[in-house]
Amino acid sequence: MKEFYSHLFSPGKIGTVSIPNRIVFLPHYCGLETDDGTITQQHIDYFAERAKGGVGLLIINSHAVHPLGKMSVKYIEAWDPKVLHGYRELSSEIHKYGSRIFVQLSHGGHSTLTHPPQLLIAPTQMSEPSYHYNTMEMGIEDIQEVVDGFTIAARNVMEGGFDGVEIKGAAHDGLLRSFISPYFNRRKDEYGGSFENRMRLPLEVVQAMRQAVGPSFVIGVRVCMDEFTSWGYSSEEGKRIVEAFAGTGEINYFSCDAGCFSSFYMEIPPMCIPLGFAEYLSAEMREATDLPVIAFGRINDPALAERILSSGNADFIGMARELICDPEFPRKAQEGREDEIRHCIACQDGCIYRVMQDEPIRCIQNPAAGRESLFGLGTLQGAKRKKKVLVVGGGPAGLKVAEVAARRGHRVALFEQDNELGGQVNIAARIPHREEIKDVIRYLAIQLEKLAVDIHLATRITAGDIKTMEADAVIVATGSKPAPSEIPGSEGEHVLTVWDVLLERKSLGDHVVIFDITRRWPGLGTAEFLVERGKKVHIISPGFYIGEQLEPSNVCLAYQRILDRGVTLVPNTEVLEIHNDSVTTANVYTGKTERIEEVDTVVLSMGNRSVNDLCAALKGSVNELYCIGDAQAPRLIQQVILEAEELGRAL
Amino acid sequence: MSYRIIVCIKQVPALGEVRIDPDTHNLVRESVPSVLNPFDEFAIEEAVRIRERFGGIVTAITMGPPQAESALKTAVQMGADLGFLLTDRRLAGSDTLITALALSFIINPMEFDLVICGLETTDSSTAQVGPELAEKLNLFHVTYVSRLEFDHDKRHVSVTRETDSGYQVMRSRLPLLVTLVKGINVPREPDTQVSVKDRIKHVSLDDLSISIPNFSADLSPTQVVKIERAKTRNRAQFVIDSRLSARDRIRMIMQGGMEQKSAAVMLDEDIDGMLKKLGDFILQDIGGEWQRR
């Protein structure tokens, strides 16, 4: 065992349950359920994959305790005995690998993933501010039903063979926190008003659950330590809530949490929030209780995890996205193979963006996430015939296909015209707060090195060269380049591409107009790049808002950073003509034209066009010819990595 | 293949002798015993080891008063081949930016593969001059380096960089500037028998080709307003004050606990243009600000 991680890999204990190490897979909705409310095989595969990777404890996503508490039609119906069959299958599968497994129980209350929902309930009639879905105000009998739901569900969890149960007691969403919150709870009866009254329902749930499961079954609580909203509470109140739960004497652990639906960007923070940012919140939680505390918040690295434990700021390390991205994180860390760990970069595109739309979970770097039976551990078969494979292009698609092919035993050579691997990722990483995206390349490059792929940097290879190489398969992954613009005036010297700006190839004036049709980072990210350089920026886009096709937590925080720094957002608009020192725009709906004056520089973000001349030149002259990634069609990392994985397996 | 290495060093007050002039807020250097900055010993040692292994030449450079020659003497006695002392009254009181610029004027005409700096100095601990110098020389740079390994192709170097939570391994083309952490090697004792005769050269601003009119310490954009003793903290940990507004809590987290430098202006043209802007900036913005205070 690596002595560096002596804390991380020391056995831990929660209540009566021994846990082989300190790594916890945190609960999260994964959208792998169907609408019959029971555990699916995909579910079992998904969790088993993480258990195989060596995680100590899995806490699985919130199962509903009441029909009105389902945040999506696909939520598991934990109150119904029909869940028991699947529960037993799941728990026994996980126990095979030596991991422990708890289930989180929740009532959605005023929060939902269904748009619009059928009916939401709340302590006081009002909506969660992030969307205006009004609620039914609960009567006393409704409150009793909730307590009963938690009780029955907890018993099902115990009978289902799980090792413990967690209450989404004051977590980032759900009914119980809305009772604790003075903002949402304006009741005049014994469930509202004073702190004691607001804690009444959550504590009744704790007591009733303890009655139902007996003294030795583990019960934990997830507590949001800071709501991160103008109307919400912060960590002082968070500590008070922890103390109140701990005061019952019936709780065995606390799981730290932050944010809420109105500040979901702190609940599942994107790349711009620093790694391990919430360590101080688990430290504060630990000041309020002697019970074990699970830390959370962008912990994706064993050294960071070890330091949090060794500084005494938590007892366990919670991760969700890191284990989605690399289920083998625990094993690799323990074996000292740190550089083989695939770090979650918190891009949000595969996981949270999709599950918030009730789609099955994915990961841009790990095609197996949510598709374990297809691509998961142990599914990769060695090639029957070892081929000589040439990959042209060292961007994500080329690197990924080279990795998969080499793993299967093919002999792979990769040619990259640039003098470093990464392709457009190297450009994207220049956007402020987006540096971590380079980790996609770091991981793949290290794999290729370990797999002894023959890499040729700074080598521009021609069809003629390839024909002499007698390869069995040639994969063209030559990427894409900025699309030309047809807007009149685009040929002006002051009209640049996003690449010109991010690569600092051309000088810029003080007032820059960006026209972005991608609605993604090329627009919003380039704007921030310019703002950081003191430029005044107009950003024009035909979308309903700037950054419309980005995962929203990224947009919210980018707006917080740049809106008060000289940026003007101009949505629903296109550029008609570019002049020497001005730009004519038109509203895409009304056609009304306007002119932005005193413009020094115009940056066009018009999407990309494939670079695949090599494909045409090779057609008919090599045995197997494939064109993948942006060279086939310009897309995102998620799509090209999946494409590369599939091709790598088919070779 | 051999390497041409430049090591930037500084003479600093001996540990325990650091005093601040209450009026100018500058370091008191008069009648204070001086030594070679301890971090720079690692830089010299590393450079000399590289030369001993692969061949090449090690040139030590410093800027300071004439007595800073003794730091160069130590460097030569540790194995450096040459030493340059940039000494000029007009540079007295330079901040890190002007220091880096001045060093760049000496280094720019030289041919080199690697520039090595200590991580920081023990007198002001800014750790800025290395990275600033790299910018001025238009070089790649890596800070907090704890290991350097040269590739067999001699054109690249693998660099191990310490971070708060572990280390990063990077590969870079040469030329490159690195700043080294303490403990990368064990510096040798200077050999006092070694003669430094003819191996240390004094240079003044007039000897350099400088395109900036009236280049001097007066162009330094940094003003030290106040220096106070730091309060000791129980645990060195990033904590967000729960009494701040939610927006400020989030903003501080995004910025790693720091307040936004809203007045920062990036200068990204050639050196002349930058200096001109810098001058204007000092005169208009900062100058105005100071007068108001």
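Definitions and limits used
Residues numbered from 1 in each chain as written. Chains lettered and ligands numbered in written order. Predicted model: local features only at pLDDT ≥ 70, side-chain atom pairs only at ≥ 80, totals over all residues. Heavy atoms only, no water. Helix = DSSP H or I, 4+ residues; strand = E, 2+ residues; numbered from the N terminus. Buried < 20%, exposed > 50% of the residue type's maximum accessible area, 1.4 Å probe, protein only. Contact = heavy atoms within 4.5 Å. Areas by Shrake-Rupley, 256 points an atom, 1.4 Å probe, with all protein chains shown as cover. Core = buried A, V, L, I, M, F, W, Y, C linked by side-chain atoms within 4.5 Å. Pairing = 2+ DSSP bridges. Axes fitted to C-alpha atoms, helices over the stretch in contact; angles between N-to-C directions. Domains from an automatic or database assignment. Buried area = accessible area lost by both parts, 1.4 Å probe. Salt bridge = Lys/Arg side-chain N within 4 Å of Asp/Glu carboxyl O. Polar contact = N/O pair within 3.5 Å; in protein donor to acceptor, adjacent residues only side chain to side chain. Nonpolar A, V, L, I, M, F, W, Y, C, P; charged D, E, K, R; others polar. Patch = residues over 30% accessible without salt bridge, like charges linked within 9 Å, V, L, I, M, F, W, Y side chains within 5 Å. Expected span 1.5 Å × (residues − 1). Right-handed = clockwise from strand over helix to strand, strands pointing away. Phe/Tyr/Trp six-rings, centres within 6.5 Å; stacked < 30°, edge-to-face > 60°. Lys NZ or Arg CZ within 6 Å of the ring centre and 35° of its normal. Left-handed = near helix turned anticlockwise from the far one by under 90°.

Caption draft 1: Molecular detail of the overall build of chain B. Per the secondary structure count, chain B includes six helices and 11 strands. Buried residues in chain B amount to 45% of all 293 residues. Across chain B, contacts joining residues at least 24 apart in sequence account for 70% of those joining residues at least 6 apart. Taken as a whole, chain B presents about 16,500 Å² of accessible surface, with 49% of it coming from carbon and sulfur.

Caption draft 2: How the structure looks around the nonpolar core. Ranked by internal contacts, the top residues of the largest apolar core, which has 132 residues, are Leu105, Val223 and Phe245 of chain A. With seven residues, the single largest contributor to this core is helix H3 (residues 140-159) of chain A. Formed by 37 residues, the second largest nonpolar core is a distinct cluster that contains Ala60, Ala71, Ala75 and Val76 of chain B.

Caption draft 3: Highlighting the sheet that holds strand S27 (residues 624-627) of chain A. Residues and elements named next belong to chain A. Strand order in the open sheet made by the five strands is S15-S14-S13-S16-S27, with parallel pairing throughout. One side of each edge strand has no neighbouring strand; the edge strands of this open sheet are strand S15 (454-456) and S27. Recorded for the sheet is a direction-independent mean angle of 15° between the axes of neighbouring strands. As paired elements, strand S14 (residues 411-415) and S15 share three bridges and run parallel to each other. In the strand pairing of S15, Ala413 is matched with Asp454. Those strands touched by helix H15 (residues 396-407) are strand S13 (388-392), S14 and strand S16 (473-476), and its axis lies near 165° from that of S14.

Caption draft 4: The arrangement of the domain arrangement of chain B in detail. All names here are of chain B. In terms of domains, chain B is made up of domain 1 (3-219) and domain 2 (237-292). Note on domain 1 versus domain 2: buried area summed over both sides is about 580 Å², and carbon and sulfur give 77% of it. The three residues of domain 1 that bury the most area against domain 2 are Lys136, Ile212 and Leu219, which together make up 55% of that side's buried surface. Applying the counting criterion to the domain 1 and domain 2 interface returns zero salt bridges. Between the two partners, domain 1 and domain 2, sit zero residue pairs in polar contact (both at pLDDT 80 or more). Partitioned by chemical class, the residues of the side of domain 1 that touches domain 2 number four nonpolar, one polar and one charged.

Caption draft 5: Region of interest: a nonpolar patch on the surface. Nonpolar side chains collect at one region of the surface, where Phe544, Tyr545 and Tyr589 of chain A lie side by side and expose about 370 Å² of accessible area between them. You can see Phe544 of chain A is positioned in the loop between strand S20 (536-540) and helix H21 (552-562).

Caption draft 6: Seen up close, helix H1 (residues 38-54) of chain B. All names here are of chain B. Taking 1.5 Å per residue, 17 residues should reach 24 Å; H1 reaches 25 Å between its end C-alpha atoms and fits that length. Burial analysis of H1 places 12 of its 17 residues in the buried class, which makes it a mostly covered element. Listed as buried for H1 are Phe39, Asp40, Phe42, Ala43, Ile44, Glu45, Glu46, Ala47, Val48, Ile50, Arg51 and Phe54.

Caption draft 7: Summary view of the pattern of salt bridges. Residue and element names in this part refer to chain A. Scanning the model with the defined rule gives 57 salt bridges over all chains in all. Here Arg385 and Asp472 are joined by a salt bridge, their closest N and O atoms 4.0 Å apart. One end of the pair, Arg385, is in the loop between helix H14 (372-375) and S13; the other, Asp472, is in the loop between helix H18 (463-467) and S16, with 87 residues separating them in the sequence. A residue is classified by how much of its surface remains accessible, and Asp472, at 17% relative accessible area, is buried. With a shortest N-O distance of 2.6 Å, Arg635 and Glu643 are connected by a salt bridge. Judged by its relative accessible area of 29%, Arg635 falls in the partly exposed class. In this structure Glu643 comes out as buried when scored by relative accessible area, which is 15%. Residues joined in a network through salt bridges with shared partners are Glu335, Arg337, Asp339, Glu340 and Lys450.

Caption draft 8: Region of interest: the pairing of S13 of chain A. Residue and element names in this part refer to chain A. Most of S13 sits inside the fold, with four of its five residues counted as buried. With five bridges connecting them, S13 and S14 associate as parallel partners. Within S14, the position partnered with Val389 by the bridge is Val412. Bridge count for S13 against S16 is four bridges, and the pairing is parallel. Its bridge partner lying in S16, Leu390 is registered against Val474.

Caption draft 9: Region of the structure containing the environment of Gly79 of chain B. All names here are of chain B. In this structure, Gly79 sits in the loop between helix H2 (69-78) and strand S5 (82-86). By relative accessible area, Gly79 is classed as buried at 18%. Along the chain, Gly79 and Glu189 lie 110 residues apart, while their C-alpha atoms are 10.0 Å from each other. Look past the residues within four positions of Gly79 in its chain and what remains in contact with it is Val48 and Arg51.

Caption draft 10: How the structure looks around the pairing of S20 of chain A. Residues and elements named next belong to chain A. Within S20, four of the five residues are buried, which leaves it mostly tucked inside the rest of the structure. Where strand S19 (residues 511-516) lies against S20, five bridges are found, and the strand directions are parallel. Opposite His511, over in S20, you have Lys536 as the bridge partner. A crossover connection joins S19 to the parallel S20 through helix H20 (residues 521-531); in handedness this β-α-β unit is right-handed. As judged from the four bridges shared by S20 and strand S21 (residues 567-570), these two strands associate in the parallel manner. When the sheet's bridge partners are listed, Val537 is paired in S21 with Val567. At this point the chain moves from S20, through H21, to the parallel S21, and the crossover so formed is right-handed.

Caption draft 11: Inspection of the sheet that holds strand S9 (residues 218-224) of chain A at higher detail. All names here are of chain A. Pairing is parallel around the closed barrel formed by eight strands, whose spatial order is S3-S4-S5-S8-S9-S10-S11-S12. Neighbour-to-neighbour, the strand axes of this sheet turn through a mean angle of 30°, independent of strand direction. Sheet topology places strand S3 (residues 23-25) next to strand S4 (residues 57-64); two bridges connect them, and they run parallel. Each residue of the ladder has a partner; that of Val24, found in S4, is Leu57. Packed on one face of the sheet, H3 meets strand S5 (100-106) and strand S8 (164-170) and runs near 165° to S5.

Caption draft 12: The arrangement of the interface of chain A and chain B in detail. The interface of chain A with chain B comprises 33 residues on the first partner and 20 residues on the second. Note on chain A versus chain B: buried area summed over both sides is about 2,100 Å², and carbon and sulfur give 53% of it. A per-residue breakdown of the area chain A buries against chain B is headed by Tyr280, Arg533 and Gln560 of chain A, which together make up 26% of the total. On inspection of chain A and its partner chain B, the count reaches two salt bridges. Here Asp564 of chain A and Arg251 of chain B are joined by a salt bridge, their closest N and O atoms 3.7 Å apart. At the junction of chain A with chain B, the criterion picks out two residue pairs in polar contact (both at pLDDT 80 or more).

Caption draft 13: Representation of the packing of aromatic side chains in the model. Residue and element names in this part refer to chain A. Tallying each qualifying case throughout the model produces 19 aromatic pairs over all chains. Here Phe184 and Trp231 contribute two aromatic rings whose centre-to-centre distance is 5.0 Å and whose plane-to-plane angle is 75°, an arrangement assigned as edge-to-face. With Phe184 in the loop between helix H4 (175-180) and helix H5 (195-198) and Trp231 in the loop between S9 and helix H7 (235-246), this residue pair connects regions lying 47 residues apart in the sequence. Residue Phe184 is classed as buried on the basis of its relative accessible area of 2%. For the ring pair Phe277 and Phe296, a centre distance of 5.9 Å and an interplane angle of 80° mean the geometry is edge-to-face. Here the residue Phe277 occupies a position in the loop between helix H8 (264-267) and helix H9 (279-288), and Phe296 occupies one in the loop between strand S11 (293-295) and helix H10 (302-310), the gap between them amounting to 19 residues. Take Phe277: its relative accessible area is 2%, and that puts it in the buried class. Using a relative accessible area of 3% as the deciding quantity, one classes Phe296 as buried. Each residue in the set Phe25, Tyr46 and Phe47 is aromatic and connected to the rest through ring pairs, giving one cluster. The aromatic ring of Phe316 is capped on one face by Arg22, whose charged end is 5.2 Å from the ring centroid. Its end group placed over the ring of Phe296, Arg222 keeps NZ or CZ at 5.9 Å from the ring centre.

Caption draft 14: Geometry of the packing of H3 of chain A against helix H6 (residues 200-213) of chain A. Residue and element names in this part refer to chain A. Put simply, H3 and H6 touch, their axes get as near as 9 Å, and they point 35° apart. Judged by the sense of rotation from one axis to the other, the crossing of H3 with H6 is right-handed. For the pair H3 and H6, contact is made by Ile143, Val147, Phe150, Thr151, Ala154, Arg155 and Met158 and by Leu201, Glu204, Val205, Ala208, Met209, Ala212 and Val213, respectively. Across the contact of H3 with H6, the residue classes break down as 11 nonpolar, one polar and two charged.

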